[in-house]
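Residue-level structural notes
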Amino acid sequence: MRNFRMVLSYDGTRYQGWQRLGGSGETVQGKLETALTRLLEQPVEVHGSGRTDAGAHAAGQVAHFHADTDWPCRRLEAALRRVLPGDIGLLALEEAPPRFHARLWAVGKTYRYRVWNSPRPNVFERRYVYQLPEPLDLAAMERAAADLVGTHDFQAFCSNRPGKKSTVRTVTALTVERMGEEVRFTVTGDGFLYNMVRILVGTLLEVGLHRRPADGMPAILESRRRENAGETAPARGLCLMEVYYR
């Protein structure tokens, strides 16, 4: 039994997220498993570095799977590219150490969130940006973002109800930059809670719209209450850029 590591990109617009769902094949994981099972003529289970939400995208998702096959990696890579739908791209496939696990071995991730900040619609990228026409105060969002960097309990920025698992995470970088009519949020950390990046962005956008103070992030973190943070930004603006391993 061999272990294979894949790097993938995908347009998540028509998918119900990464994770396979009972009774539905419209997930990225489901499409990959169906394709590999048919190619290799054996049941194949694919494990990703983490789940992406319905409608969210990936430029560098990492996944692994085990298979009993003597196919060379190049042959399997080429065959899989031929059968995958056009909105799922296999960037690389290689044999991995037997114990490699895409999620458990990951030590960090980078996400990017794109906002089209203009009254003029962006027709051609509407699936990949959140269109927000109101002016944004970039300096205020930068000040607020600085308070979110570091090791904190991010329970207030998580959609799941509190459980036994720790909600402490380390955000190593959170940048806000304007590129013409687009505002980009780029966040890197050791791990992210459910909807965490989208809630972080939604909260910072409220700061940029002057709907909440720029110095309010420490109080939100300390409260550990979801209702004290901002709205969850739409999934279409979110993209998993890279997954890091030791």
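Structural notes, computed from the coordinates. A quick note: this is a predicted structure, and the numbers were derived from the prediction, not measured.

A word on the packing of aromatic side chains
- By the definition in use, this model includes 6 aromatic pairs.
- Taken together, F100, W105 and Y245 form an aromatic cluster joined through their ring pairs.
- Here the guanidinium or amino end of R75 rests over the ring plane of W71, the centre of that ring lying 3.8 Å away.

Observations concerning the pattern of salt bridges
- Tallying each qualifying case throughout the model produces 15 salt bridges.
- The salt bridge involving E26 is made with R14; its shortest N-O contact spans 3.2 Å. Here E26 is found in the loop between β1 (2-10) and α1 (28-40), whereas its partner R14 is found in the loop between β1 and α1, with 12 residues between them in sequence.
- When the shortest N-O distance is used, the salt bridge between E206 and R212 registers 2.9 Å.
- Because the salt bridges share partners, they merge into one network encompassing R14, E26, K31 and D87.

A look at unusual backbone geometry
- The phi dihedral of N195 falls on the positive side, at around 65 degrees, and the residue is not glycine.
- Although it is not a glycine, H210 sits at a positive phi angle of roughly 65 degrees.
- Take H210: it is sitting in the loop between α4 (196-208) and α5 (217-223).

Brief notes about the side chain of E77
- In this fold, E77 is placed in helix α2 (residues 73-83).
- Taking the relative accessible area as the measure of exposure, E77 reaches 16% and is therefore buried.
- The residues contacting E77, other than those within four sequence positions of it, are L90, L91, A92 and L93.

Brief notes about the packing of helix α3 (residues 138-146) against α4
- α4 packs onto α3 with a crossing angle of 140 degrees between their chain directions and a minimal axis gap of 8 Å. Relative to α4, the element α3 lies oblique. When you trace α3 past α4, the crossing you get is right-handed. Listed contacts from α4 to A140, M141, A144 and A145 of α3 are L204, L205, V207 and G208.
- Considering only residue class, the contact of α3 with α4 consists of 7 nonpolar, 1 polar and no charged.

A look at the pairing of strand β8 (residues 168-179)
- Of the pairings in the sheet, the one linking strand β7 (residues 150-153) to β8 comprises 4 bridges and is antiparallel in character. Bridge assignment links D153 to a residue of β8, and that residue is V168.
- Looking at chain direction, β8 and strand β9 (residues 182-189) are connected through 8 bridges and run antiparallel. Note that in β9 the partner of L174 across the bridge is V187.

Some details on the packing of α1 against α2
- Across the interface, α1 lies against α2 with an axial gap of 10 Å and an inter-helix angle of 125 degrees. In terms of orientation, α1 lies oblique with respect to α2. Two packed elements cross with a definite hand, and for α1 against α2 that hand is right-handed. Between α1 and α2, the contacting residues are A35, L36, L39 and L40 on the first element and L76, A79, L80 and V83 on the second.
- The class makeup of the residues in the contact of α1 with α2 is 8 nonpolar, no polar and no charged.

A short note on the side chain of H101
- Tracing the chain through its elements places H101 in the loop between β4 (88-95) and β5 (106-116).
- Contacts of H101, omitting those with residues within four sequence positions, involve H64, A106 and Y245.

Structural notes on the nonpolar core
- Of all hydrophobic cores here, the largest spans 73 residues; its most connected members are F65, F157 and F185.
- The greatest single-element share of this core, amounting to 8 residues, is contributed by α4.

A few points about the pairing of β5
- Across the 11 residues of β5, 8 count as buried, placing the element largely inside the fold.
- Strand direction decides the pairing type here: β5 and strand β10 (residues 238-245), joined by 7 bridges, are antiparallel. Bridge pairing in β10 places K109 opposite V243.
- Where β5 meets strand β6 (residues 130-131), 2 bridges bridge the pair, whose relative direction is parallel. Note that in β6 the partner of V115 across the bridge is Y130.

Conventions used here
Residues numbered from 1 in each chain as written. Predicted model: local features only at pLDDT ≥ 70, side-chain atom pairs only at ≥ 80, totals over all residues. Heavy atoms only, no water. Phe/Tyr/Trp six-rings, centres within 6.5 Å; stacked < 30°, edge-to-face > 60°. Lys NZ or Arg CZ within 6 Å of the ring centre and 35° of its normal. Salt bridge = Lys/Arg side-chain N within 4 Å of Asp/Glu carboxyl O. Helix = DSSP H or I, 4+ residues; strand = E, 2+ residues; numbered from the N terminus. Buried < 20%, exposed > 50% of the residue type's maximum accessible area, 1.4 Å probe, protein only. Contact = heavy atoms within 4.5 Å. Axes fitted to C-alpha atoms, helices over the stretch in contact; angles between N-to-C directions. Parallel < 35°, antiparallel > 145°, perpendicular 65-115°, else oblique. Left-handed = near helix turned anticlockwise from the far one by under 90°. Nonpolar A, V, L, I, M, F, W, Y, C, P; charged D, E, K, R; others polar. Pairing = 2+ DSSP bridges. Core = buried A, V, L, I, M, F, W, Y, C linked by side-chain atoms within 4.5 Å.

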